[in-house]
Amino acid sequence: MAKSTNNKPNKQKNLFSFFKKKDTKTETTPPPPKPEPPKTENPPISSLKVGSSKIEVYWPNDDEWYACVVRHKYDDGRCELFYPDDGEVETVRMEEQIWRMAGKNEERGDKRSGGDEEEEFGGTSAASKRRRILESSDESFAMEEDDEDDSFKCDVESDEESFKADDDEEEETLKPKAKPTTKPKAKVTVFTPRSSTPKTTEQPKRIISNTPNKAPRPTPNNLQGKLLNPTLPLAGQVNARGTHLHNHLNFFANRRDLNGHPSTHPDYSPFNMKVDYAELEKVCKSLGATLSPAQRQWWEIKSQYANCVLLFKTGKFYEMFHDDADIADQYLDFVYMKGVLAHGGFPEAGLADKLDKLVKAGFRVARVEQTETPDGLKERKKKTAGKKPQVVARESMYASSQLHSSAYVLPLSLRFVRSPPMVLDDNIKKLEEDSRNVEGPLVVIKETKANLEQSDAMDTDEDSGPGAVYEYGVTIVDAITATVTLGQFADDILRSRMQTLLTTFSPSEVMVESGENGASKTLLSLIKSACPKVNVGKIGVQESFPKSTAIKAEDRTSISRLSSKIHPWSVDETIAELHRKGYYPRGSKNATSPEEKIARWPDCLKACIQGGATLALSSLGAALFYLQSNLVDDDILSMALVKAYIPPNMCDSAEMPDSADALENIHRMNARQDEGVDLVEAQDDPAYLAEEANIDHMALDGTALSNLEILHNLTSGSFKGSLLSKIDFTKSPHGSRLLRAWLLRPLFIKAEIDRRADAVAELSTGSAAIAMNEARTLLKDIGDIERLLSRVHSMGGVGSKSHHPNDRAIFYENDKHTKRKVEDFSKLLNGLKAAAQIPEKFDGISIASPLLEKLVRTTDDGGCIPADLHQKLDWFFDNFDLKKAANGNFEPSPGISEDYDAACETISSILHELNAFKQEMCASIGQGAKSSWKYINIKEDSKDKYLIELRATIQVPDSFEVKGKRGKGQNQINKYRCPEVESLVKDYERMIDIKNEVKAGGIKAVFAKFDLMRETWNAATMATAMLDAIGSLATLAGQPGYCRPRIVECPANKKPGIKVVQGRHPCVDVTHTGGSFIANDLTLGGQVDTEGSDSSDASILLLSGPNMGGKSTLLRQTCLITILAQIGSFVPAEECSLTPVDRIFTRLGASDRILCGQSTFFVELAETAAAVRGATRRSLVIMDELGRGTSTFDGTAIASATVKHLVERSKCVSMFATHYHSLLEDWKDENCVRLGHMECIVEEDSTGDEVDRSNITFLYTLGDGPCPKSFGVNVARLAGLPDDVLTRAKKISAAFEAELKGDVNNHKIIPSTARSYVAQAENSFSADGLTGLEQLQDLWKSLQ
């Protein structure tokens, strides 16, 4: 049979086949060989379910699989199959077919054929659903089509309906200009056994397998590629992916940025794209299409947001075109519209769901909102001289979605700022349900190589640490709290400080510099290694700032930069832009010097400018560019919350440059404010060593945070199972964030630890505990007032100055937007109201803790909660009707707005005049006019307001114009309009517009008034967050088996130490049922249980024992108990005493950093180097099996040298787990070292055969002295190694052990000793008789 020339492949022949026989006489070439059918077994027919079974049927003639669904099963075994691609129906016997369940073939190129999941097979298509929405809508697409008749017309004969999503089967066929090269497809009539009506279709069936014409699936990182000469699309038909217009554009496939750089150029910017309009018009013409004004508008915006998926608003729908439609086809299960232009869309109400899917797929998304109505376009045309605008105004903006997410209408890191209502609903709900799983902030990093000569000159002390290799400037933007954090620091070759920063903040998005001098590969690898799920983006040295398409010049000026070509990393441009935008108040109107101009700027920012922190300011410039591009800069920066970041191990470092002193002071001040240590007057501390005097907290680097599972567990990286998850019983999100900050920065000064612990202890028992239980209910009602304060600031327009495109966007779901705003404001008011009630719960209760007293009393009673909080809140409750406002019926109270009051008064006067006119006319007309006269359309939003209804039999003046009729005969009612009423209605509508404008602004005015009292609200926020965090620790303290640790001073003449009685791991203890965890005692260092002279107790524990015996658990639990003690918490032990620790060093586990090019052994040594160089006498060091990544001899040597350094130089409390028994022998007689082991019981094998079946029982208890063996073979048996391997291993182990003990005198001849043996033999041969024989015998014995 000859190959079909139809576009649609022929299917196999059956009872209802449309297969047409060809005249074999006309065949001139032999038919091609029939393809071999695939060898596969059909699934059981019983597995087919009507309506839900999606299958694929193999058609031998086409050698293709086609997707279909079982629509009916007959009693005789036949099945009716529906093919959704072209609507064809056939009835076949499944046992005669080759078929499979959909989704089983891994090589499929397309997973679906229809629209939404429930409509994918046989249901209502997305296109027809949209068409019904259009037909039932009052507005339809009139907004777009009244004045945009040419919008996105792809074919010559397309009309103004080209934007409509007509049903595929009912859409009129469009004829292209150019005749297609392929033969036109013949219409085919398909008959079904259940219908006598033939169904006509001409759509090509979508091919499931990957064909040469099939375009690859688009991904976030694969949006461009070389042009592959795709198949030409056909007008009026649904074309396959990879064949549409954009696939024929060379400039689109091989992109260049606006600077002309190709994608391979180091300075290439993915943010923008150069559009070749000449080629675009040429390709459009060749395909029979035209480039309409709306299409050109899309391309102009796409050129500014090339790396984004555009959601292009047309009326009530978001449309997706070109490559964005390809993405919708793949990730949103859309069906292409007919025509040469790739096109799909969805209604406004579906925005949240679609954004969520795109975000999870890793795409950036930009909304292109319509900011002008058709009426507005008409007015603009009238006012425009010269060339008239042809398309309604649209402006691009970002919106938020699942922060992963979160993606990107707004990036994940910025999602809660300036988001449309339909998106915010889901995200805020997720945030409120679990604030601990919210994605992290945006981190912008500026990297540069350090001055190595200067670094080497400074690095004169062997213990000063590795020299600085790179320097970093960082800007951290927390969109939830609108907080910006700036930092600058030097780092070593391991990037340990950068790793700490990434682990601490867990960013959801990181931006770095591109280009040859941009971020190093090592930094990029470290980012992906430390934060595997993070989105990494690059900002070039020079970028093109997106041009604003706003109509008003003042809006364009506010949104755009002064120049389209900017340098985001330039410090000078950054400072100039901060001045121009006016995020922060000027120091003086007459200021001339730079210092005077920034006098009222945030202290941290001033310190960076005046101290020359150029790297920090450079990163701030890139962050500013990114925030401005996302149109959220005003909302975040105008909050003026700027903090300093200093790495934990840098605060007391001698390497800190002088310019960082101010940042350090600000950092300390911010931290102390969060910790609440300044709420109570400080006491005099005992004499510390000079290097300890400035330490005020424990430093935890990224390695410690990871190894100890402080924030995330090591298994899955999730919050569950971490230390934070076990102690976080907070009721409010801002309380949870504060507790997390405490855990990352434990206290160091004894008095400060005790003050917090006193508050925890008091809240855990007695009358204060009862009051706290009641207060916890209020804390739950408070909600996330910290986030809501930031949101109300944005809604109040304090920073945005009403220039944001979101304020001009036309939303058809605007009621939801207003309702969402009011709901947020209502939550904030009610949350603060609950906060104001907290002091009442503690009335009459005597509070002993000074810190707790501050948190639960009002300012009138010496506390922190503002005394006038109730009074200020009452004003808003009295003047803002929350219920009416939530329903869109907000009415400003009298006196709030003079314009609103005047408009209301005028409207009342007009209504009175209308009623007076009615009375006057009824009196003059007579004839029953008074009973018949009726005003209709009297609502404020009605069209043709105040038409007059009168019976047709009533004579009216000639000035009355008939506008409509209803009824017939004697019952006919006419609708009239007269000049007097028309004049009043015009005034009425004008006043309504003024009223609504002021009304909308009235809500914003209320928000702005509220925002001006932010200082009061912040005070309440801080007090409730701190009370919530302390209450969480009090809940932990009330659990069985927890005790309050005793913090002991450690002056210069005292030895640090720790003592734990029956201590347990805080995480493991919670996950096991009662009695399953074995507690342990531990005593190291100086005497801490009672006051007295220093003892000679060992400061280092050399810990041995079998694998899986609990060594690592003991090491970790000691560190975790120390951390809990120093945040003021109770600890899981019967008794605990310790001296405060300034830093914890950990060397645990075995893992590499393959992305950074660091092997397992390198990581081990890097962690060891940090401890050896950085540990002081007040540090706590734990090391587990150091040296196992290399040979036994090298490993033993490194371990021994490390122990020696810790004992003789660091003199800190240390725990060292090892399997090197020679190391234990070396230190067994030293008083400064304690030997211990994890106990176990080994049951010897009594079978007597070669296979050793001895069992080992782990006791998990710490015993004195070394462990005789490591019992590795026994653990290997538990792991399931084969018996022959175990038997051989045991023999080899016994031989090695005997050799090390000297029980076996084995001598091996090696090249270095061979010559000596040969010389001895020669001498024996030359010796006399018996003497020579004896010498040979002695030599022989020595070689045995």
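Keep in mind the model is a prediction, meaning the values are calculated, not measured. (Residues numbered from 1 in each chain as written. Predicted model: local features only at pLDDT ≥ 70, side-chain atom pairs only at ≥ 80, totals over all residues. Heavy atoms only, no water.)

A. The arrangement of the overall build of the chain in detail. Summing up its helical and strand segments, the chain has 43 helices and 37 strands in all. When each of the 1344 residues of the chain is scored for burial, the buried share is 53%. (Helix = DSSP H or I, 4+ residues; strand = E, 2+ residues; numbered from the N terminus. Buried < 20%, exposed > 50% of the residue type's maximum accessible area, 1.4 Å probe, protein only.)

B. View of the sheet that holds strand β37 (residues 1255-1264). Overall, mixed pairing links the seven strands, which are arranged β21-β33-β34-β35-β30-β36-β37 in an open sheet. Because the sheet does not close on itself, it has two edges, and the strands there are β21 (699-700) and β37. (Pairing = 2+ DSSP bridges.)

C. Representation of the nonpolar core in the model. By size, the foremost hydrophobic cluster in this structure holds 110 residues, and its most contacted members are Phe-825 and Phe-1010. The element best represented in this core is helix α34 (residues 1014-1037), accounting for 12 residues. Ranked by size, the runner-up nonpolar core spans 42 residues in total, among them Val-477, Met-511, Tyr-584 and Cys-604. (Core = buried A, V, L, I, M, F, W, Y, C linked by side-chain atoms within 4.5 Å.)

D. Up close: the packing of aromatic side chains. For the coordinates displayed, the defined rule picks out 33 aromatic pairs. Relative to Phe-363, the ring of Tyr-331 has its centre 5.0 Å away and its plane inclined at 75°; by these criteria the two rings are edge-to-face. Taken together, the positions of Tyr-331 in helix α6 (residues 323-331) and Phe-363 in the loop between α7 (351-360) and β11 (364-370) put the pair 32 residues apart, joining distant regions of the chain. By the burial criterion, Tyr-331 is buried, and Phe-363 matches it. Plain terms: the ring middles of Tyr-470 and Tyr-472 are 6.5 Å apart, the flat faces sit at 25° to each other, and that makes the pair stacked. (Phe/Tyr/Trp six-rings, centres within 6.5 Å; stacked < 30°, edge-to-face > 60°.)

E. Quick peek at the environment of Tyr-1260. Of note, Tyr-1260 is situated in strand β37. Taking the relative accessible area as the measure of exposure, Tyr-1260 reaches 36% and is therefore partly exposed. The spatial distance from the C-alpha of Tyr-1260 to the C-alpha of His-1237 is 9.5 Å, given a sequence separation of 23 residues. For Tyr-1260, the contacting residues outside a window of four places in its chain are Ile-1078, Asn-1080, Met-1108, Gly-1109, Gly-1110, Met-1238 and Glu-1239. (Contact = heavy atoms within 4.5 Å.)

F. Focus on the sheet that holds strand β24 (residues 961-966). Across the sheet, four strands lie side by side as β22-β23-β25-β24; this open sheet has antiparallel pairing. Edge positions in the sheet fall to β22 (934-936) and β24, since each of these pairs with one other strand and no more. Along the sheet, successive strands turn relative to each other by an average axial angle of 35°, direction set aside. Where strand β23 (residues 947-951) meets strand β25 (residues 973-977), four bridges bridge the pair, whose relative direction is antiparallel. Note on β25: the bridge partner recorded for Glu-949 is Lys-975. (Axes fitted to C-alpha atoms, helices over the stretch in contact; angles between N-to-C directions.)

G. View of the pattern of salt bridges. As enumerated under the stated definition, the model contains 42 salt bridges in all. Linking Arg-100 and Glu-56 is a salt bridge whose minimum nitrogen-to-oxygen distance equals 2.6 Å. With Arg-100 in strand β5 (residues 99-101) and Glu-56 in strand β1 (residues 54-59), the pair connects residues that are 44 residues apart, well separated along the chain. An identical accessibility class is assigned to Arg-100 and Glu-56; each is buried. A salt bridge links Arg-1014 to Asp-1011; the nearest nitrogen and oxygen atoms lie 3.2 Å apart. The class of Arg-1014 is buried, set by a relative accessible area of 17%. Salt bridges here are not isolated pairs; linked through shared partners, they connect Arg-255, Lys-302, Asp-323 and Asp-324. (Salt bridge = Lys/Arg side-chain N within 4 Å of Asp/Glu carboxyl O.)

H. Geometry of the environment of Ala-886. Structurally, Ala-886 can be placed in helix α30 (residues 882-886). Judged by relative accessible area, Ala-886 falls into the buried class, the value being 16%. Along the sequence, Ala-886 and Lys-816 sit 70 residues apart, while their C-alpha atoms lie 8.8 Å from each other. Filtering out sequence-adjacent residues up to four positions away, Ala-886 remains in contact with Lys-819 and Val-822.

I. Expanded view of helix α29 (residues 869-879). Those residues of α29 that sit buried are Leu-869, Leu-873, Phe-876 and Asn-879. The buried residues of α29 all sit within an arc of 140° when viewed along its axis, so they share a single face. Relative to its buried face, α29 has exposed residues pointing more than 90 degrees away, namely Gln-871 and Asp-878. (Arc of directions from axis to C-beta.)

J. A negative patch on the surface, seen in detail. Together, Glu-840, Asp-843, Asp-860 and Asp-861 make up a region of like negative charge exposed at the surface. Here Asp-861 is to be found in the loop between α28 (850-856) and α29. (Patch = residues over 30% accessible without salt bridge, like charges linked within 9 Å, V, L, I, M, F, W, Y side chains within 5 Å. Areas by Shrake-Rupley, 256 points an atom, 1.4 Å probe, with all protein chains shown as cover. Lys, Arg positive; Asp, Glu negative; His and termini not counted. Charge placed at Lys NZ, Arg CZ, Asp CG, Glu CD.)

K. Geometry of the packing of helix α14 (residues 571-581) against helix α17 (residues 614-629). Following both chains from N to C, one finds α14 and α17 inclined at 55°, their axes separated by 8 Å at the closest point. One finds that α14 runs oblique with respect to α17. Crossing of α14 over α17 shows left-handed handedness. Along the contact surface, α14 presents Val-571, Thr-574, Ile-575, Glu-577, Leu-578 and Lys-581, while α17 presents Thr-614, Leu-617, Ser-618, Leu-620, Gly-621, Leu-624 and Gln-628. (Parallel < 35°, antiparallel > 145°, perpendicular 65-115°, else oblique. Left-handed = near helix turned anticlockwise from the far one by under 90°.)

L. Quick peek at the pairing of β23. Most of β23 is tucked away, with four of its five residues classed as buried. Of the strand pairs in this sheet, β22 and β23 are connected by three bridges, and their pairing is antiparallel. Bridge pairing in β23 links Ile-936 to Leu-947.

M. Molecular detail of the environment of Leu-1084. In this fold, Leu-1084 is placed in strand β29 (residues 1080-1085). Of the residues examined, Leu-1084 reaches a relative accessible area of 0% and is grouped as buried. Through-space distance from the C-alpha of Leu-1084 to that of Cys-1212 is 9.8 Å; in sequence the pair is 128 residues apart. Every residue in contact with Leu-1084, bar those within four places of it in the chain, is listed here: Gly-1057, Ile-1058, Ala-1098, Ser-1099, Ile-1100, Leu-1101, Val-1213, Ser-1214 and Met-1215.

N. Local environment of the packing of helix α24 (residues 766-782) against α34. At a minimum axis separation of 11 Å, α24 and α34 run at an interaxial angle of 130°. By the angle between their directions, the pair α24 and α34 is classed as oblique. Pair α24 / α34 crosses with left-handed handedness. Here Met-772, Arg-776, Leu-779 and Ile-782 of α24 come into contact with α34, specifically with Thr-1024, Leu-1027, Asp-1028, Gly-1031, Ser-1032 and Thr-1035.

O. Molecular detail of helix α31 (residues 898-925). An ideal rise of 1.5 Å per residue puts 40 Å on 28 residues; α31 measures up with 40 Å between its terminal C-alpha atoms. Immediately beyond the C-terminal end of α31, within one or two residues, lies Gly-926, with a positive phi of roughly 70°. (Expected span 1.5 Å × (residues − 1).)

P. The state of the cysteines, seen in detail. Under the criterion given, the structure shown has zero disulfides. Between Cys-1136, a cysteine without a disulfide, and Cys-1043, which holds the nearest cysteine sulfur, the sulfur-to-sulfur distance is 6.0 Å. (Disulfide = S-S within 2.5 Å.)

Q. Structural context of the confidence of the model for the chain. Chain-level pLDDT for the chain is 76 on average; 74% of the residues reach the 70-or-more range. Counting interchain partners and residues more than four positions distant, the pLDDT-below-50 stretch residues 415-426 has 63 contacts. Long-range and interchain partners of residues 454-465, a stretch whose pLDDT sits below 50, account for 14 contacts in this model, where long-range means more than four residues apart. (pLDDT = per-residue confidence, 0-100.)

R. Up close: unusual backbone geometry. The phi dihedral of Leu-631 falls on the positive side, at around 60°, and the residue is not glycine. Relative to the elements of secondary structure, Leu-631 occurs in the loop between α17 and α18 (633-637). Its relative accessible area of 9% is what places Leu-631 among the buried residues. In the Ramachandran plot, Lys-1211 falls in the positive-phi region, its phi being about 55° despite a non-glycine side chain. Residue placement: Lys-1211 occurs in the loop between α38 (1192-1210) and β35 (1213-1217). According to the relative accessible area criterion, Lys-1211 is exposed, its value standing at 53%.

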